[in-house]
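Listed here are the chains, written in short residue letters.
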Amino acid sequence: MKRVLYITQKPHHPMLDGGTQAIASFFLMLRRCKDIELTYAPICTVKHPGDFSRIEHSTKLIPLRINPKVTFQVLLKSISAPMNVLRYTTSNANSVIQSVDSATEFDIVICDGFYALTLIPSPWFTSKRVIYRSHNLEFEHWQQRAASGPWYTRWFFKRMSRQIHRLEQNLVSASSQILSISFQETLKLRQWNSKTSTYYPLIHSKEKQALPRSERWSIGFVGNFEWFPNADAVRWFVQSIWPLITAEIPQVQFEIAGRGSEVFHMPTSHIYGLGFIESLDEFYNQQTVMISPLRYGTGLNMKILEALTYGKPIVTTAKSVQGFEHTTPFVIANDPSTFAERVVYLLKNKHEIQTLEIETSEYINTIFEEKNLLNQLEQHIHG
């Protein structure tokens, strides 16, 4: 029986964004693994306090309550260390997990997300098996923010990226094993640690709902607009692509779901920012085509995975699907005219949509097959 400590950079529930979706998927698989004794230690903040009402009694829960505010101490130390990391590491979380370990003596520590990895004591990298589940290359995230943000943030974000780069490389190199959710980033992480492999999140196809036939054409996008790539993507789509689509199909609607999407609400242009939606089943089932016009981003796009489960055709930029090794079911376009052309073609060709729906179902059943993913995880733990 392996004693496993599972530290996550957010609670697994409620699933408010792609990060929590990825953690929830992995937590579910861990609970199904044989011959492990699981202790779950999520980082909980005011923004992500967590809901643990559904945790089974067999899983020991140790919430790591952190207030990641920028204090004077954090500002002072940020001269030589990344501020965004210090917001977590200057808390008492490190001492809490050491105290829990003194009572349990964990064999394996799984860190889900970069900020979870920064919390563990340095000696653990040699005394225990440390498995790092990488959501993204964190330094690249800050690099992209520097490139896309306003001028007054660029110097700070570039500096943050350089600081995180050094730390990220050191922690990845010291880890026993790396599980990356992005195929493209697996190739990069292998340069720091040869024991890196791609491990996709678990997804299941949802049962398709039979809807009344109508001539309603709708394009959908889902995302949290606190994450800057989503805001940039929709802004670019509305300004550069939407006019090309409506010139061909004037009656088409663009519906946007997700926290903060209300800022794009323009009913006179047939654009509807619906805000946060508790259940997305009805939203997805009412869309003819889903889009993902991201120009920035790292890791694996979890909203792409979500759209796949509903069997929806997805028109996307290459950036949006960079984490996938195989891109068979996706319709990829990177410039406005091509993007608009491919959306219009799908809207006007029901047969092509049906073909993509079949390809999507086969793709999920092949790449994301549950038994195979569970076997892989058990081998990583017990191997």
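(A) Inspection of the overall build of the protein at higher detail. Within the protein, the regular secondary structure consists of 15 helices and 14 strands. Computed over its C-alpha atoms, the radius of gyration of the protein comes to 22 Å, within 12% of the 21 Å expected for a compact globule of 383 residues. Each principal axis of the C-alpha atoms in the protein carries an extent, and together these give about 65 × 50 × 40 Å. Buried residues in the protein amount to 55% of all 383 residues. The long-range share in the protein, meaning contacts at least 24 apart out of those at least 6 apart in sequence, stands at 65%.

(B) Geometry of the side chain of Q287. Considering the arrangement of structural elements, one finds Q287 in the loop between α11 (281-285) and β12 (289-292). The exposure class assigned to Q287 is buried, which follows from its relative accessible area of 2%. In this structure the side chain of Q287 is engaged in a polar contact, spanning 3.4 Å, whose partner is the backbone nitrogen of G220.

(C) Local environment of unusual backbone geometry. Put simply, H13 and P14 share a cis peptide bond, and its omega is 5 degrees. Here P14 is to be found in the loop between β1 (2-8) and α1 (18-32). A positive phi angle, near 60 degrees, is found at D35, a position not held by glycine. Along the chain, the position of D35 falls in the loop between α1 and β2 (36-44).

(D) Main features of the environment of G113. Examined against the element boundaries, G113 turns out to sit in the loop between β5 (108-112) and α5 (114-117). Residues in contact with G113, not counting those within four places in the same chain, are Q9, Y132, R133 and H135.

(E) Region of the structure containing the pattern of salt bridges. The final tally for this structure, using the stated rule, is 11 salt bridges. Of the charged contacts, one joins D107 and R3 as a salt bridge, the two residues approaching to 3.5 Å between their closest N and O atoms. A residue pair is termed long-range when its members are at least 10 positions apart, and D107 in the loop between α4 (93-104) and β5 and R3 in strand β1 qualify at 104 residues. The class for D107 is partly exposed, based on a relative accessible area of 28%.

(F) Broad picture of a nonpolar patch on the surface. A cluster of nonpolar side chains, contributed by F72, L76 and I79, occupies part of the molecular surface with about 380 Å² of accessible area. With respect to the secondary-structure elements, L76 resides in helix α2 (residues 72-77). A residue is classified by how much of its surface remains accessible, and L76, at 52% relative accessible area, is exposed.

(G) Structural context of the pairing of strand β9 (residues 218-222). The buried count for β9 comes to 5 of 5 residues, which makes it a mostly enclosed element. Side chains S218, G220 and V222 project from β9 onto one buried face, and the interleaved I219 and F221 project onto a second face that is buried too. Of the strand pairs in this sheet, β9 and β12 are connected by 2 bridges, and their pairing is parallel. Note on β12: the bridge partner recorded for G220 is M290.

(H) Inspection of the nonpolar core at higher detail. In terms of nonpolar packing, the biggest core is built from 41 residues, with L5, I7, L64, L117, I120 and I164 touching the most fellow members. It is helix α8 (residues 151-174) that provides the largest number of residues to this core, a total of 5 residues. With sequence-adjacent residues up to four places away left out, I7 is seen in contact with A41, L64, I97, V109, I110, C111, D112, A116 and I120.

(I) Broad picture of the state of the cysteines. Scanning the entire structure with this criterion turns up 0 disulfides. C33 carries a free sulfur, and the closest cysteine sulfur to it, the one in C111, is 16 Å from it. Just so you know, C111 is unpaired, no disulfide at all, and the nearest cysteine sulfur is the one on C44, 15 Å from it.

(J) Inspection of the packing of α1 against helix α15 (residues 370-382) at higher detail. Direction vectors running N to C along α1 and α15 enclose 70 degrees, while the axes themselves pass 10 Å from each other. With respect to their mutual orientation, α1 and α15 come out roughly perpendicular. Between α1 and α15, the residues in contact are F26, M29, L30 and R32 and E370, L373, L374, L377, E378 and I381, respectively. A breakdown of the residues in the contact of α1 with α15 according to their chemical character gives 7 nonpolar, no polar and 3 charged.

(K) Examining helix α10 (residues 228-248) more closely. An ideal rise of 1.5 Å per residue puts 30 Å on 21 residues; α10 measures up with 30 Å between its terminal C-alpha atoms. Where α10 bends most, at I241, the angle is about 50 degrees, and the proline P243 comes one to four residues later.

(L) Quick peek at the sheet that holds strand β11 (residues 271-273). The sheet built from 6 strands is open, its strands ordered β11-β10-β9-β12-β13-β14 with parallel pairing. Taken across any chain shown, the strands that pair with only one partner, and hence form the sheet edges, are β11 and β14 (330-332). Recorded for the sheet is a direction-independent mean angle of 25 degrees between the axes of neighbouring strands. Here β9 runs beside strand β10 (residues 253-257); their pairing, made up of 5 bridges, is parallel. Across the sheet, S218 pairs through a bridge with Q253, a residue of β10.

The rules behind these values
- Residues numbered from 1 in each chain as written.
- Predicted model: local features only at pLDDT ≥ 70, side-chain atom pairs only at ≥ 80, totals over all residues.
- Heavy atoms only, no water.
- Helix = DSSP H or I, 4+ residues; strand = E, 2+ residues; numbered from the N terminus.
- Rg over C-alpha atoms; globule rule 2.2 N^0.38 Å.
- Buried < 20%, exposed > 50% of the residue type's maximum accessible area, 1.4 Å probe, protein only.
- Contact = heavy atoms within 4.5 Å.
- Polar contact = N/O pair within 3.5 Å; in protein donor to acceptor, adjacent residues only side chain to side chain.
- Salt bridge = Lys/Arg side-chain N within 4 Å of Asp/Glu carboxyl O.
- Patch = residues over 30% accessible without salt bridge, like charges linked within 9 Å, V, L, I, M, F, W, Y side chains within 5 Å.
- Areas by Shrake-Rupley, 256 points an atom, 1.4 Å probe, with all protein chains shown as cover.
- Pairing = 2+ DSSP bridges.
- Core = buried A, V, L, I, M, F, W, Y, C linked by side-chain atoms within 4.5 Å.
- Disulfide = S-S within 2.5 Å.
- Axes fitted to C-alpha atoms, helices over the stretch in contact; angles between N-to-C directions.
- Parallel < 35°, antiparallel > 145°, perpendicular 65-115°, else oblique.
- Nonpolar A, V, L, I, M, F, W, Y, C, P; charged D, E, K, R; others polar.
- Expected span 1.5 Å × (residues − 1).
- Bend = angle between axes of the 7 residues up to and from the residue.

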